[in-house]
Amino acid sequence: MQSMSIRLHSDPADKWYEDYTLGEVLITRGRTLNIGDLTAFAGLTGDHYPLHTDEQYAKTTRFGTRIAHGPLTFSIAVGLVGLSNFYGNSIVALIEIVSLRALKPVIPGDTIHVKAEVVGLEAGANPKYGQLTVSYSVRNQRDEEVMTFHQVMLARRRPQNTR
């Protein structure tokens, strides 16, 4: 009789600063936005600007329909990478978001995904933490880039006695 080997997966997975490599790329699954997402986000944030909540008004704009709030697109992008378990339990703090640019509108019915790439690794002076910078390219179903930004985070380092 063959012995069974059990593979254990934890969520979030154990991950450390040292597990990342420059140029490492993640492509997330897609997420389709709908009117309910815009309405829920407006309610949550208080941002009821008519471009996001009033279809009749939005028809008169250059977009011809309602568009997603930029911070909603950003939030979904961050969530998609989080869902992937790419960071595991390595992140201890957000340091900053750099160079956020909204390049194209996201409209209800669009499906977005993220191409995330590790573009910066700085060990720093503190042996407990390293700085991780990830470039986010948010893309729609036509693979058009709709938003870009760099997320700079503090990641825990593997304890020195286990390196």
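Refer to the preceding data block for the structure.
In this report, the structure presented in the accompanying data block is examined. In every chain, residue numbers begin from 1 and rise along the written sequence. Predicted model: local features are reported for residues with pLDDT of at least 70 only, side-chain atom pairs are reported and counted for 80 or more only, and whole-chain, interface and lining totals are derived from all residues. Excluding hydrogens and water, the side-chain figures rest on all heavy atoms present in the structure.

**Some remarks on the packing of aromatic side chains**
Stage number 1. Any pair of Phe, Tyr and Trp rings, taking the six-membered ring for Trp, is counted once the centres come within 6.5 Å. Such a pair is stacked with planes under 30 degrees apart, edge-to-face with planes over 60 apart, and tilted for the rest. Scanning the entire structure with this criterion turns up 4 aromatic pairs.
Stage number 2. A centroid spacing of 4.5 Å and a plane angle of 20° characterise the contact between Tyr 136 and Phe 149, whose relative ring orientation is stacked. A residue pair is termed long-range when its members are at least 10 positions apart, and Tyr 136 in strand E5 (residues 129-139) and Phe 149 in strand E6 (residues 145-156) qualify at 13 residues.
Stage number 3. Clustering of aromatic rings is evident, with ring pairs tying together Tyr 20, Phe 86 and Tyr 87.
Stage number 4. The criterion for a charge sitting over a ring is simple: Lys NZ or Arg CZ within 6 Å of the ring centre, and within 35 degrees of the ring normal. Its end group placed over the ring of Phe 86, Lys 15 keeps NZ or CZ at 4.6 Å from the ring centre.
Stage number 5. Arg 156 extends its terminal NZ or CZ atom over the ring of Trp 16, reaching a point 3.6 Å from the ring centre. A run of H or I in DSSP becomes a helix once it reaches four residues, and a run of E becomes a strand once it reaches two; helices and strands are each numbered from the N terminus.

**Points about the pairing of strand E4 (residues 111-122)**
Stage number 1. Sheet topology places strand E1 (residues 25-27) next to E4; 3 bridges connect them, and they run antiparallel. Residue pairing in the sheet places Ile 27 in a bridge with Lys 115 of E4.
Stage number 2. Two strands qualify as a pair provided DSSP detects at least 2 bridges between them. The pairing of strand E2 (residues 31-32) with E4 spans 2 bridges and is classified as antiparallel. Its bridge partner being in E4, Thr 32 is matched across the sheet by Thr 111.
Stage number 3. One ladder, built from 9 bridges, connects E4 with E5; its direction is antiparallel. Counterpart to Glu 117 in the pairing with E5 is Ser 135.
Stage number 4. The turn joining E4 and E5, which pair antiparallel and follow one another in sequence, is formed by 6 residues; a positive phi near 70° is taken by Gly 124.

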